Amino acid sequence: MEEDRKLTKKEQIRKEKVEKIINQKESEGYKSKDLTMSIVYANVMAFVICIPICVLFIVPFAYLYSTHEVPDVSPNKYLLFMIVFFISIVVHELIHGFFWGLSAPSKFKAIEFGVVWKMLTPYCTCLEPLKKGQYILGTSMPTIILGIIPLVISLFNLNILLMIFGCISVLGGGGDMLVILKLLLHKSKGKDTIYLDHPYKIGLLVLEKE
């Protein structure tokens, strides 16, 4: 794993842990494949992937909203919206950790949380290999729970704040959706394949045994 920036102490420790796993698996006949991406690429492609999803909900919502009598949103609800939104940023990572932790061999001991202080961005990573379905589940659930489900509900109650929250959450999970897409597009040549979250980059490592 090449590093193109100076790692923090926690990142260096995670890097060493993951390298031990990779070395162990390679001694067992596995080959590793890097499926990581740059932050710039991830941010751009996240919008490309997620904007169509948002539009899919916004169009019917706009039609229903215009044809029904909907009460005005009070100022207090806007304040509540902002509070919930900031809390959801942390909840997003907790959901990752919960679902990955259910599947990891060491359960929640394999999960680590932290904050990239330069970007004020919280993160979650799993330090143990997972099966394909397990990795996809843990990666996708924050977007489903915080994004897709609120969007669906907003079509029934015509709550514009819920619609906005759902769209922001879907866009916020765009990087996760991109990682899943990259994983699905990867054609594994191994009979036994496991997936390991990268310890400090966006993406994952695929370990394949022929």
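Since we're looking at a predicted model, the values are computed, not measured. Here, residues in each chain are numbered from 1, in the same order as that chain's written sequence. Given that the model is predicted, a residue must reach a pLDDT of at least 70 before its local features are reported, and side-chain atom pairs must reach 80 or more before they are shown or counted; all residues, however, enter totals for whole chains, interfaces and linings. To get the side-chain values, all heavy atoms of the structure are used, and hydrogens and water are removed first.

1. Considering the sheet that holds strand β4 (residues 192-197)
Next up, step 1: The pairing criterion is simple: DSSP has to find at least two bridges between the two strands. Numbering of helices and strands runs from the N terminus; a helix is a DSSP stretch of H or I covering at least four residues, while a strand is a stretch of E covering at least two. With antiparallel pairing, the three strands of this open sheet are ordered in space as β1-β5-β4. The two strands at the open ends of the sheet, each matched to only one other strand, are β1 (30-37) and β4. Averaged over all pairs of adjacent strands, the angle between strand axes in this sheet comes to 20°, irrespective of strand direction.
Next up, step 2: In the sheet, β1 pairs with strand β5 (residues 202-209) via eight bridges, with the strands oriented antiparallel. Within β5, the position partnered with Lys33 by the bridge is Val206. Axis definition: a line fit to C-alpha positions, over the contact stretch in the case of helices; interaxial angles, taken between N-to-C directions, run 0 to 180 degrees.

2. Let's talk about the nonpolar core
Next up, step 1: If you look at the biggest cluster of nonpolar residues, it comprises 17 residues, and the most contacted ones within it are Trp100, Cys126, Leu130, Tyr135, Tyr195 and Leu204.
Next up, step 2: Of all the secondary structure elements, the ones that give two or more residues to this core are β1, β3 (121-126), α6 (174-185) and β5.
Next up, step 3: If you look at the next biggest cluster of nonpolar residues, it comprises 11 residues, including Phe57, Leu158, Met163 and Ile180. Here, nonpolar core means buried Ala, Val, Leu, Ile, Met, Phe, Trp, Tyr and Cys residues that are tied together by side-chain atoms lying within 4.5 Å of each other. Type-normalised accessible area, obtained with a 1.4 Å probe on protein chains alone, sets the label of each residue: buried when under 20%, exposed when over 50%, and partly exposed for intermediate values.

3. So, the layout of surface pockets
Next up, step 1: As defined here, a cavity is a set of points on a 1 Å grid over the protein atoms alone where a 1.4 Å probe fits but cannot get out. A pocket is an open set with protein on both sides within 12 Å along at least five of seven lines, and residues line them when an atom is within 4 Å of a point. Grid points are joined across faces, edges and corners, and a volume is the space filled by probe spheres set on the points. Estimated volume of the second largest pocket: approximately 160 Å³.
Next up, step 2: Lining the second largest pocket, in full, are Lys77, Leu80, Phe81, Val84, Asn159, Leu161, Leu162 and Phe165.
Next up, step 3: Elements that contribute at least two residues to the lining of the second largest pocket include exactly α3 (75-103) and α5 (160-172).
Next up, step 4: For the lining of the second largest pocket, a count of residues per class yields six nonpolar, one polar and one charged. Asp, Glu, Lys and Arg are counted as charged, while Ala, Val, Leu, Ile, Met, Phe, Trp, Tyr, Cys and Pro are counted as nonpolar; the rest, among them Gly, fall into the polar class.

4. Some words on a nonpolar patch on the surface
Next up, step 1: Together, Met82, Phe86, Ile89, Val90, Leu94 and Phe113 give the surface a local cluster of nonpolar side chains, amounting to about 530 Å² of exposed area.
Next up, step 2: With five residues, α3 is the single largest residue contributor to the nonpolar patch.
Next up, step 3: Tracing the backbone shows Met82 in helix α3.
Next up, step 4: Met82 sits in the partly exposed class, given a relative accessible area of 38%. Patch membership needs two things, relative accessible area over 30% and no salt bridge, and members are linked within 9 Å if like-charged or within 5 Å if nonpolar (Val, Leu, Ile, Met, Phe, Trp, Tyr). With residues, only the protein chains shown are counted as cover, and all accessible areas are computed by Shrake-Rupley using a 1.4 Å probe. Definition used for salt bridges: Asp or Glu carboxyl oxygen within 4 Å of a side-chain nitrogen of Lys or Arg.

5. Looking at the pairing of β3
As a general feature of sheets, a regular strand has side chains that alternate between the two faces.
Next up, step 1: Across the six residues that make up β3, a large majority, five, are buried.
Next up, step 2: Two elements, strand β2 (residues 111-116) and β3, share six bridges in a ladder whose sense is antiparallel. For Phe113, the partnering residue across the bridge sits in β3 and is Cys124.
Next up, step 3: The turn joining β2 and β3, which pair antiparallel and follow one another in sequence, is formed by four residues; a positive phi near 50° is taken by Leu120.

6. A word on the pattern of salt bridges
Next up, step 1: Applying the stated rule across the entire model yields four salt bridges.
Next up, step 2: A salt bridge links Arg14 to Glu112; its shortest N-O distance comes to 3.6 Å. In this pair, Arg14 sits in helix α1 (residues 9-27) while Glu112 sits in strand β2, placing the two residues 98 residues apart along the sequence. A single burial state applies to Arg14 and to Glu112, both of which are buried.
Next up, step 3: The salt bridge involving Lys15 is made with Glu19; its shortest N-O contact spans 2.8 Å. One end of the pair, Lys15, and the other, Glu19, are both in helix α1, four residues apart, so they sit about a helical turn from each other.

7. Quick look at the packing of aromatic side chains
Next up, step 1: Ring pairs shown here join Phe, Tyr and Trp side chains whose ring centres sit within 6.5 Å, with only the six-membered ring taken for Trp; geometry is labelled stacked below 30 degrees between planes, edge-to-face above 60, and tilted in between. Per the stated rule, a full pass over the model turns up five aromatic pairs.
Next up, step 2: With a centroid separation of 5.1 Å and an interplanar angle of 90°, the aromatic rings of Phe98 and Phe99 are classed as edge-to-face.
Next up, step 3: Since its relative accessible area comes to 42%, Phe98 is described here as partly exposed.
Next up, step 4: Residue class for Phe99 comes out buried when judged on its relative accessible area of 17%.
Next up, step 5: Measuring from ring centre to ring centre gives 5.6 Å for Trp100 and Tyr135, while their planes differ by 25°; the resulting arrangement is stacked. You can see Trp100 sitting in helix α3 and its partner Tyr135 sitting in helix α4 (residues 132-157), a full 35 residues away along the chain.

Spatial relationships are all this shows, so hold off on functional conclusions.
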